[in-house]
Structures are given as structure tokens and as C-alpha cells.
Amino acid sequence: MAAMMGLSSTAYRNHKSRSRSLPVDSVFSLADHIPISFERIMGGGVDLETLHEHAKGNVGHIPARYRIGAFSKRRTSVNALYFIENHLGAASKDEILKHLQVNPAVFKNPDETISIHFVTDVLNYLARYQHRRESFVQIGRYSTDTNRHSRLAQVYAECRTPSEMYDKLFNALVSNYDENYDYRLTRLSKIGATLRVYQRKRTEDALNLRVYGSVPICWMRIGINAALPKYKQLPEANVTKTKCIFEGDDCCEMEIDFEFSHYSALRRPVPVHRCQ
Amino acid sequence: MDPSLEKLSAVLRSARKRHGYSQNEFARALKTTQGTLSKIENAQLTVDAHTWFDACDILKIPPHSLRAGLIDIAEPGSVQSVERLGKYRIPKKYGAHAGSTVRSALPFLQFFEKCEGGAGLREYLESKKLDPDYFVQLNNPINLRFIVDLVGDMDARGTLKARGLKSLASHFTTAPIHRSTDVDLSKTDPLDALASILANLPKYESNHVYSLEEVDRTTAVYSVSPRDHLKELGIPASAMQILCRYRESAIGQLASKGSGSLELRVWESECSYKGAPKCVHRAEIVS
């Protein structure tokens, strides 16, 4: 341990007995040798079982925090990580995964499940380092790039109208993304929709939380919902959040305006009131 | 002065100001005295791991910032107008239509510092009403006018002529500025490196659109198209042409970095600042 921290045996004993404060470089040196981030070493919360399993070569093992209440499909996490790698750099993605003690091998199958805590922690890590709302909306928008070769993309592309795409997503396909929430289209017309997202008791009980997820997840969801028409190479929808669980409402609610997409699909000129 | 203390002091001052804290406010948040914090920020005192962890948590900076002495927060590129950022005031001349970042300006600043010294650089930045600590965080926005003025001032002082554009461009190959951009400096094939660089340049600046048009075993063609907001900055074509030369040399040197004896020669065949619709560059591997 002393060698990993770049310390002499005497210095290591002194630090261990707290008679000397711990140099920053020693912790950096330790983080270089073992797959735990500086923040995790200093802030606590190391999953020792995962550390042990990874050391044995079992890279598919994930921390307990991400196994409990595993009602999300991994494809949402795959999208977030794919965006991070392509727009923020592979070093950023590696740092986040190291901090969360998760190996990239975990994401080979996007249909496997994982707790919502994982994508929450990924986005919260970005939020911790100054990332703003727009970054998370972009992550959501990126879902059409990440999934463009998937069977889901084909299903959306075969829909005749944007309205049919949203209907298909929220009434038939949403379980391919997560089962942590109930998604309800309370309004659906040819040019727009109102979506309400309610927490599920099953997840609340499993995670022992009254409110789960995070505000960055809400922003990411805005991006995902805006980008849906892009599976048919149509313009994005405008999505406005009108209610939020994190602001004390009973659900998250979004108004989805896909009028531009609708008229583009019909190859008709957009009505005058929109052009002014 | 101890380089590790210098890095610590620079990173802490820069992040504190970006976060909008006065020295007194940050000292209270860190549960220390202003006197102690002042010593740390003047490179007279170090911190232990616990204090560094707490400081990073408060200031929202990655702990590894201390290793390079630069705060490298990766974020998607954008064009924005900025006048205030925390405690920083950015003159409108350099904050309007800011499509560049400190990351893209850093090679120019490092070159200036090498020629005129650290004190000279500080004096120059302060004469432009810019806080030198602003240039420690790589994703801080700045516009292209700042880089153009810096190059123009170096030219007027004779610095650029004395050392040459190639020497200036060599500062673009400094590893720390590329850390979070995913540019792979280890690629042994310069054309693979070129593709990696072009794909990642939007993380440095949003002033241009870069596109790899053609590539074969030994040659490549790529285009550089200026974005519309650059017209608002009123930068003369002659100044932009100097930046075209810089970009050629910088990209060529960076692409050649991992390739040993091979070099990527880059030259411009068409220039948008001489009337062409876009700048077109050709690249060729030479040994």
C-alpha cells in the first residue's frame, strides 16, 4: 500500500495513525493503481465486493446500488455514455465509469436491466462539474444517433406520422427503455401531445425512496422526446416541461409540439401563423 | 517557486473566481482563514488530500486539475456572448460571439509566455482588461478576436517573426490541452491522427466546420468552413489568413506527433478569405 501511494513505510505508518496529514499526490498515486477514483477514495462509498470481483476478472459485476430495483434497460445508460465518449472524450467516460465502479463490458446487451440509480449517478457526475441543462437535453437528443441501427429505430421509421411515433413509443414500446415510470399520453393530436410521467410504487419500494431520478434525467427526457421524429428524418419536436416531480408536482408533464414534423412528413407548406 | 505549489495556487484562484467566491467567502466555505487561503493562492502553502477534496467539491472542479495545473471540464462546443462569468469581467470586444475556448487560445498564450515570460504575459492580459486566472480553465469562452489581436500584437513586437509560425504552432501539441477531447496522440499513422483531430476540433472551437473530404493511404483532403457569426467580429481577411497558416502547421505537427519519422505535410489549396467558398487543405505523408 505504501508503494502504491508513493510513500515510505514510515510516512505510511504516520499517515495511517493520523499523526501526519495525507498528501494529495499519494491519493492520486493510489487511484492510479486501483480502479477507484480520487473522489471515491476521499468521499467514501467504495463497493468493496465490486472491487474484489473486478480484481478477480469478473468485469460484468456491478455494484449493489445498481442491482437493486433494476427496472431500467441499459440502452438509456448506453446512450448517455456514448454521448459522453463522442462529445466529451473517452477520458471523461472512463473517469465516470471508474468513479461508479462499473466496467464498460456491462453494457454489451442494451436490453439487460440496471437500476435507475446508474444513469442518475452518471448525469449527476456531469452536473457536479458545471454541466448545464443544455448538455443533458443534448444527451437525450443523441438517442436517435445511438439507436439508429436498432430494431426500435426501424419500428419508428415505419410509422406514417409523428403522432403515430409518439403513440407507439408511449403505448407500446416504452418498456424497452424503463419500467420505473408510468408514461401516459393525456392528449394526442396530429400536431402535438401532452405526456405525463408518474413514478411507480414498485420502484419507490425497491429503492426505498419517495422520489427517485434527478432533474438532469428530466432534461434528458426532454431531449429524447424532442428527437423522436428524427427516426424518420423529420425536424425535431419542441418540448416544454409544464410540471415536475422535483418541484413538488405529482408527476412530470411535458407539452410536445411536433407540428413542423407533421407538415414536413406530409410535404406540405407550414401554415402561415407559424411562418410569421 | 515550487511548480506543484504554482499549479495549486493557479487552479484554486481560477476556480474560486469562476465560482464567484471572494477569498473571504471561499475561506469560510473551506473552514479555514482568509490568511491561510491567501498563502495557498500565492503558492506559499500546500493543502492535504482532505482539503483538496473539499475544495474541489465546493468549486465543482475535477480533482485531477491539480496534476496539469489546468481545469479541464469537457463540454460540447458552442457560440455564446459572455460579459460576466463568476468574478470575471470579459470585455465585450472579446466576449461577443465567443466561439473559441481557452483551450484553443492556450498555444498562443504559451508561446507568448515563452517569449516574454510569465510576468510579461500577465501584464499583457491585464492591459487587455483580462484576468490571467481566466486562462486556467480550458472550457472558458473567448472569441476569435482575442486570438487575432494576440497574434497581431506578437507580430508588431517582432516576436512572431523572430521565432516563426511553426514554433507558435508547436505549442498546439502540448498534451494537457487535449486531455478531455479524445484526440489520440498515440496514433502512428498521421492520417488516422488527422481524422481524430478533425473529428474533435469542435471541442476546441465552434468558429469553423471541419470536414474530412477524401483520404487514401498517403494523402487526405479536408475543408474548413467559417461559421456565420465570424462576420460579426469584423476580423480582416489578412489576419484570418495568418490563422489559416497557423492551423495548417498546428494540425500537421499534432498529426505527426505519434508517427516517429513520418511527417504530415499540410498546405492550403483554396482559401475562403481569398474568395473561395471554403478553405480546402491537402495533407500528404512524407518521410
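On a predicted model such as this, the values are computed, not experimentally measured, just so you know. (Residues numbered from 1 in each chain as written. Chains lettered and ligands numbered in written order. Predicted model: local features only at pLDDT ≥ 70, side-chain atom pairs only at ≥ 80, totals over all residues. Heavy atoms only, no water.)

Caption draft 1: How the structure looks around the overall build of chain A. Regarding its fold elements, chain A presents 16 helices and 6 strands. Of all 276 residues assigned to chain A, the portion counted as buried reaches 49%. Entry remark: accessible area of chain A is about 13,100 Å², with carbon and sulfur atoms responsible for 49%. On chain A, the mean spot of the 38 positive side-chain charges and the mean spot of the 30 negative ones are 1 Å from each other. (Helix = DSSP H or I, 4+ residues; strand = E, 2+ residues; numbered from the N terminus. Buried < 20%, exposed > 50% of the residue type's maximum accessible area, 1.4 Å probe, protein only. Areas by Shrake-Rupley, 256 points an atom, 1.4 Å probe, with all protein chains shown as cover. Lys, Arg positive; Asp, Glu negative; His and termini not counted. Charge placed at Lys NZ, Arg CZ, Asp CG, Glu CD.)

Caption draft 2: Quick peek at the sheet that holds strand β4 (residues 192-199) of chain A. Residue and element names in this part refer to chain A. Strand order in the open sheet formed by 4 strands is β3-β4-β6-β5, with antiparallel pairing between adjacent strands. Strands at the two margins of the open sheet, each flanked by one partner only, are β3 (181-188) and β5 (238-243). Strand-to-strand twist across the sheet, computed as the mean angle between neighbouring axes with direction ignored, equals 25°. The pairing of β5 with strand β6 (residues 252-257) spans 5 bridges and is antiparallel. If you follow lysine 241 over to β6, its bridge partner there is methionine 254. Across the sheet, helix α14 (residues 215-227) lies against β3, β4, β5 and β6, angled at about 25° from β6, the strand it touches most. (Pairing = 2+ DSSP bridges. Axes fitted to C-alpha atoms, helices over the stretch in contact; angles between N-to-C directions. Contact = heavy atoms within 4.5 Å.)

Caption draft 3: Representation of the packing of aromatic side chains within the structure. What the rule picks out here adds up to 20 aromatic pairs over all chains. Aromatic side chains tyrosine 125 of chain A and tyrosine 129 of chain A sit 5.1 Å apart centroid to centroid with 80° between the ring planes, which places their arrangement in the edge-to-face category. You can call tyrosine 129 of chain A buried: its relative accessible area is 5%. Taken together, the aromatic side chains of Tyr88, Tyr94, Tyr134, Phe135 and Phe146 of chain B make up a single cluster linked through ring pairs. Positioned over the ring face of tyrosine 181 of chain A is arginine 221 of chain A, at 4.5 Å from the centre of the ring. Directly above the ring of tyrosine 204 of chain B sits arginine 103 of chain B, whose terminal nitrogen or CZ lies 5.9 Å from the centroid. (Phe/Tyr/Trp six-rings, centres within 6.5 Å; stacked < 30°, edge-to-face > 60°. Lys NZ or Arg CZ within 6 Å of the ring centre and 35° of its normal.)

Caption draft 4: Region of the structure containing the nonpolar core. Residues and elements named next belong to chain B. Grouped together as the largest cluster of nonpolar side chains are 65 residues, with contacts concentrated most on Leu109, Phe135, Leu144, Phe146 and Leu194. By residue number, the principal contributor to this core is helix α7 (residues 102-127), which donates 10 residues. Not counting chain neighbours up to four residues away, the residues in contact with leucine 109 comprise Leu121, Leu125, Phe135, Phe146 and Leu150. (Core = buried A, V, L, I, M, F, W, Y, C linked by side-chain atoms within 4.5 Å.)

Caption draft 5: Main features of the confidence of the model for chain B. On average, residues of chain B score 92 in pLDDT, and 100% of them are at 70 or above. For this predicted complex, the interface confidence comes out at an ipTM of 0.80, alongside a pTM of 0.83. (pLDDT = per-residue confidence, 0-100.)

Caption draft 6: Fine view of helix α8 (residues 116-128) of chain A. Residues and elements named next belong to chain A. Between its first and last C-alpha atoms α8 spans 18 Å; for 13 residues at 1.5 Å apiece the expected length is 18 Å, and the two agree. Among the 13 residues that make up α8, 10 are buried, leaving the element largely enclosed by the rest of the structure. With a side-chain oxygen lying 3.0 Å from the backbone nitrogen of histidine 117, the N-terminal cap of α8 falls on serine 115. Following α8 by one or two positions, glutamine 130 adopts a phi angle in the positive range, close to 75°. (Expected span 1.5 Å × (residues − 1). Polar contact = N/O pair within 3.5 Å; in protein donor to acceptor, adjacent residues only side chain to side chain.)

Caption draft 7: Representation of the packing of helix α9 (residues 133-141) of chain A against α14 of chain A within the structure. All names here are of chain A. Here α9 crosses α14 at 45°, and the two axes come no closer than 6 Å. Accordingly, the angle class assigned to the pair α9 and α14 is oblique. As α9 packs across α14, the resulting crossing turns out to be right-handed. Seen from α9, the contacting residues are Arg133, Phe136, Val137, Ile139, Gly140 and Arg141; seen from α14, they are Pro216, Trp219, Met220, Ile222, Gly223, Ile224 and Ala227. Here the contact of α9 with α14 is composed, by residue class, of 9 nonpolar, 2 polar and 2 charged. (Parallel < 35°, antiparallel > 145°, perpendicular 65-115°, else oblique. Left-handed = near helix turned anticlockwise from the far one by under 90°. Nonpolar A, V, L, I, M, F, W, Y, C, P; charged D, E, K, R; others polar.)

Caption draft 8: Quick look at helix α12 (residues 237-256) of chain B. In a regular helix each residue adds 1.5 Å, so 20 residues correspond to 28 Å; α12 of chain B covers 29 Å between its end C-alpha atoms and thus fits that length. Where burial is concerned, most of α12 of chain B is hidden: 14 out of the 20 residues are buried.

Caption draft 9: Examining the sheet that holds strand β5 (residues 208-215) of chain B more closely. Residues and elements named next belong to chain B. As summarised here, the arrangement of the 4 strands in space is β5-β6-β8-β7, forming an open sheet in which the pairing is antiparallel. Strands with a single pairing partner mark the edges of an open sheet, and in this sheet they are β5 and β7 (263-270). Along the sheet, successive strands turn relative to each other by an average axial angle of 25°, direction set aside. Across 6 bridges, the pairing between strand β6 (residues 219-226) and strand β8 (residues 279-286) is antiparallel. Bridge assignment links threonine 219 to a residue of β8, and that residue is glutamate 284. Together, β5, β6, β7 and β8 form the strand contacts of α12, whose direction differs from that of β7 by roughly 155°.

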